[in-house]
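Close look at the chain arrangement
Here's the letter readout for the chains.
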Amino acid sequence: MAALGWLTPRRRSATARSVLAGEASAEAARKTAQCLEAEAAPLPAPTEPSRPSAPAEPAEPTAPATPAEPEFPVAGDDLAAAFFDLDNTVMQGAAIFHFGRGLYKREFFRRRELARFAWQQAWFRLAGVEDPEHMQDARDSALSIVKGHKVSELMAIGEEIYDEYMAERIWPGTRALAQAHLDAGQKVWLVTAAPVETATIIARRLGLTGALGTVAESVDGVYTGRLVGEPLHGPAKAEAVRALAAAENLDLERCAAYSDSHNDIPMLSLVGHPYAINPDTKLRKHARAHDWRLRDYRTGRKAVKVGVPAAAGVGAIAGGAAAAIALHRRRK
């Protein structure tokens, strides 16, 4: 009956393992974001001698402006940030399946495992939702495949796989939403069950701040096949966002979160500006009941008008980004 799991609602509270997973993800995300920020820092521009300014022209009298709706995101609000789910929100499909395709091309596993990955991807497309048991099965498959491989090897492959299978599969509408937050001077984070370091590759390629992802254990730079806590899914995502917000001194009431899945309702409920993007049936119903904003890019139509720049209304094409199962060095 596991195949029918996506039809049945699941309500899970945060556990000690989900808290551990969230805190580990937040710690790793901050470290990698600092590295990205250092790499992207521009060189200081040469200074030019100052010139006397021309006298100002007298201002023309203007009619009183009518009050405008407050813009969102709010420019210059450094207490706000945006959190974006990856699978079917930023891209179409599940990240781990794209990574499996790339690993098969590099002969990491046999045709039988490829058929399993293909079935799991087909299920995700048909069901349109993230069934925790089904996604756990996919992650277990990936862990068994990468166990014993070097972290550096998988990171290099993740870069290649992004170029081969994922770069052309990003939803333009969601990408524009993320850019609106960046243009407002806010940090933007991916929040995904994909690996924290390889998810960071995606964030860097998209020009985002960084990524919260599943943290897997490695010893001396080699995967052990074990996770730190549990996959960053459901309540664990909320714990990761909560931990990162505390570390970054963010006001969650001023933050925004975006997701397609009802499994992310715990994360969406944390922030003052939740968005349902390409929502599954349960999330759409919940969003309407709680007056959350909706966007649907799967057919190029607007679901509901929201207060973001017009560029965010671009229609979508099949999208994707991502990687395999997470990376983290175990503390000794």
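Structure shown above.
Residues numbered from 1 in each chain as written. Predicted model: local features only at pLDDT ≥ 70, side-chain atom pairs only at ≥ 80, totals over all residues. Heavy atoms only, no water.

Here we come to the pattern of salt bridges. With the rule as written, the count across this model stands at 15 salt bridges. Between Glu248 and Arg30 there is a salt bridge; the shortest N-O distance is 2.9 Å. With Glu248 in helix 8 (residues 235-248) and Arg30 in helix 1 (residues 16-40), the pair connects residues that are 218 residues apart, well separated along the chain. Assessed through its relative accessible area of 17%, Glu248 is described here as buried. For Asp77, the salt bridge identified is with Arg254, shortest N-O distance 3.0 Å. Here Arg254 lies in the loop between helix 8 and strand 6 (256-259) and Asp77 lies in the loop between helix 1 and strand 1 (81-85), a separation of 177 residues in the sequence. Its relative accessible area of 11% is what places Asp77 among the buried residues. Overall, the relative accessible area of 36% leaves Arg254 in the partly exposed class. Residues joined in a network through salt bridges with shared partners are Lys105, Arg106, Glu160 and Glu164. (Salt bridge = Lys/Arg side-chain N within 4 Å of Asp/Glu carboxyl O. Helix = DSSP H or I, 4+ residues; strand = E, 2+ residues; numbered from the N terminus. Buried < 20%, exposed > 50% of the residue type's maximum accessible area, 1.4 Å probe, protein only.)

Right, let's talk about the nonpolar core for a bit. Within the largest apolar cluster, 39 residues are counted, with the highest numbers of intra-cluster contacts made by Phe84, Leu86, Leu103, Leu190 and Tyr258. Of the residues forming this core, the biggest block, seven residues, is contributed by helix 5 (residues 151-166). If sequence neighbours within four positions are ignored, Leu190 has contacts with Phe84, Leu86, Val90, Ala199, Ile202, Ala203, Leu208, Gly210, Ala211 and Leu212. Core analysis: the next-biggest nonpolar cluster, separate from the first, contains 30 residues, Ala81, Val191, Cys255 and Met267 among them. (Core = buried A, V, L, I, M, F, W, Y, C linked by side-chain atoms within 4.5 Å. Contact = heavy atoms within 4.5 Å.)

Moving on: the pairing of strand 3 (residues 210-214). In terms of residue burial, strand 3 counts as a mostly covered element, since five of its five residues are buried. Where strand 2 (residues 187-195) meets strand 3, four bridges bridge the pair, whose relative direction is parallel. Paired with Pro195 across the two strands is Thr214, which belongs to strand 3. (Pairing = 2+ DSSP bridges.)

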